[in-house]
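The lines below spell out each chain.
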Amino acid sequence: MAKFVFALNQSLDGYVDHDAFAPDPVLFQHFVEDMRSLSGVVHGRRMYETMRYWDEDQPGWGAAERDFASAWRVQPKWVVSRTLKSVGPNATLIDRDVEAELRRIKSEHQGIIEVAGPELAKSLGDLGLVDEYRLYIHPVVIGEGKPLFAGPRSRLRLVEHEVMSGDVVRLTYVPA
């Protein structure tokens, strides 16, 4: 059975904003290796649309960006959305019976399937489907934006912490 892991970068004050901070080369390489190690990814619509950036080569990319794009493109993707009508390469749209479909995916796969998107993570957490939370805390205070957690969470238990690169810390929690 696969493990659903919610993993996302956030500011010190708890917001998600991919334009407010970016990983340094060492942390970016960690994300390349992480993407390669996955059995797939589950995204909500907004996160999927953000990640579609990696579907096509961009001018000015270096080797690290090409490596990440390559790892992203081969991953099976499941996109949870009621508004999208279609999804891109190597992706499957889940637009109804979300709980049953994700439970089936979880039971039919092995390894780690990463979940991204605050609203999706809340919904899956409420259903008891998130096995682990990996929060990458960047030492930036942005003061506003989209919060990492879209609502209250059940109690979590810290199981690991690690300084990743520079001052970025990864905190790993499981449901208590």
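Note that the coordinates shown come from a computational prediction; the quantities given were computed from them, not determined experimentally.

1. Description of the pattern of salt bridges
The full count for this structure, using the stated rule, is 16 salt bridges. Its salt-bridge partner being R36, residue D67 comes within 3.8 Å of it at the nearest N-O pair. Of this pair, D67 sits in helix α3 (residues 63-74) while R36 sits in helix α1 (residues 25-37), placing them 31 residues apart in sequence. Relative accessible area serves as the criterion here: at 31%, D67 is assigned to the partly exposed category. Of the charged contacts in the structure, one is a salt bridge between E108 and R104, with a shortest N-O distance of 2.5 Å. Taken together, the residues E108 and R104, both in helix α4 (residues 98-108) and 4 residues apart, mark about one turn of the helix. Through salt bridges that share partners, K3, E132 and R134 make up one connected network.

2. Some remarks on the packing of aromatic side chains
All chains considered together, the criterion is met by 10 aromatic pairs. Arranged with centres 5.9 Å apart and planes meeting at 85°, the rings of F6 and Y133 form a pair that is edge-to-face. Of this pair, F6 sits in strand β1 (residues 3-11) while Y133 sits in strand β7 (residues 132-138), and the two are 127 residues apart along the sequence. Exposure remark for F6: the relative accessible area of 0% places this residue in the buried category. One aromatic cluster is present, formed by F28, Y53, W54, W61 and F68 through successive ring pairs. If you follow K106 out to its NZ or CZ, it ends over the ring of F4, 5.2 Å from the centre.

3. A closer look at the side chain of S11
With respect to the element layout, S11 can be found in strand β1. When its relative accessible area of 0% is taken as the criterion, S11 is described as buried. In terms of polar contacts, S11 uses its side chain to reach the side chain of D13, at 2.5 Å. Excluding residues within four positions of it along the chain, S11 makes contact with F21, I137, H138, V140 and I142.

4. Digging into helix α5 (residues 118-126)
For α5, every residue scored as buried is listed here: P118, L120, A121, L124 and G125. The buried side chains of α5 occupy one side of the element, clustering within an arc of 160° when seen end-on. Trailing α5 by a residue or two, G128 shows a phi angle of about 75°, which is positive.

5. Some words on the side chain of D55
The residue D55 is located in the loop between α2 (45-51) and α3 in this model. Accessibility expressed as a relative area gives 16% for D55, which makes it buried. Side chain to side chain, D55 and W72 meet in a polar contact 2.9 Å long. Setting aside residues up to four positions removed in sequence, D55 forms contacts with W72, R73 and P89.

Reading the values: rules and limits
Residues numbered from 1 in each chain as written. Predicted model: local features only at pLDDT ≥ 70, side-chain atom pairs only at ≥ 80, totals over all residues. Heavy atoms only, no water. Salt bridge = Lys/Arg side-chain N within 4 Å of Asp/Glu carboxyl O. Helix = DSSP H or I, 4+ residues; strand = E, 2+ residues; numbered from the N terminus. Buried < 20%, exposed > 50% of the residue type's maximum accessible area, 1.4 Å probe, protein only. Phe/Tyr/Trp six-rings, centres within 6.5 Å; stacked < 30°, edge-to-face > 60°. Lys NZ or Arg CZ within 6 Å of the ring centre and 35° of its normal. Polar contact = N/O pair within 3.5 Å; in protein donor to acceptor, adjacent residues only side chain to side chain. Contact = heavy atoms within 4.5 Å. Arc of directions from axis to C-beta.

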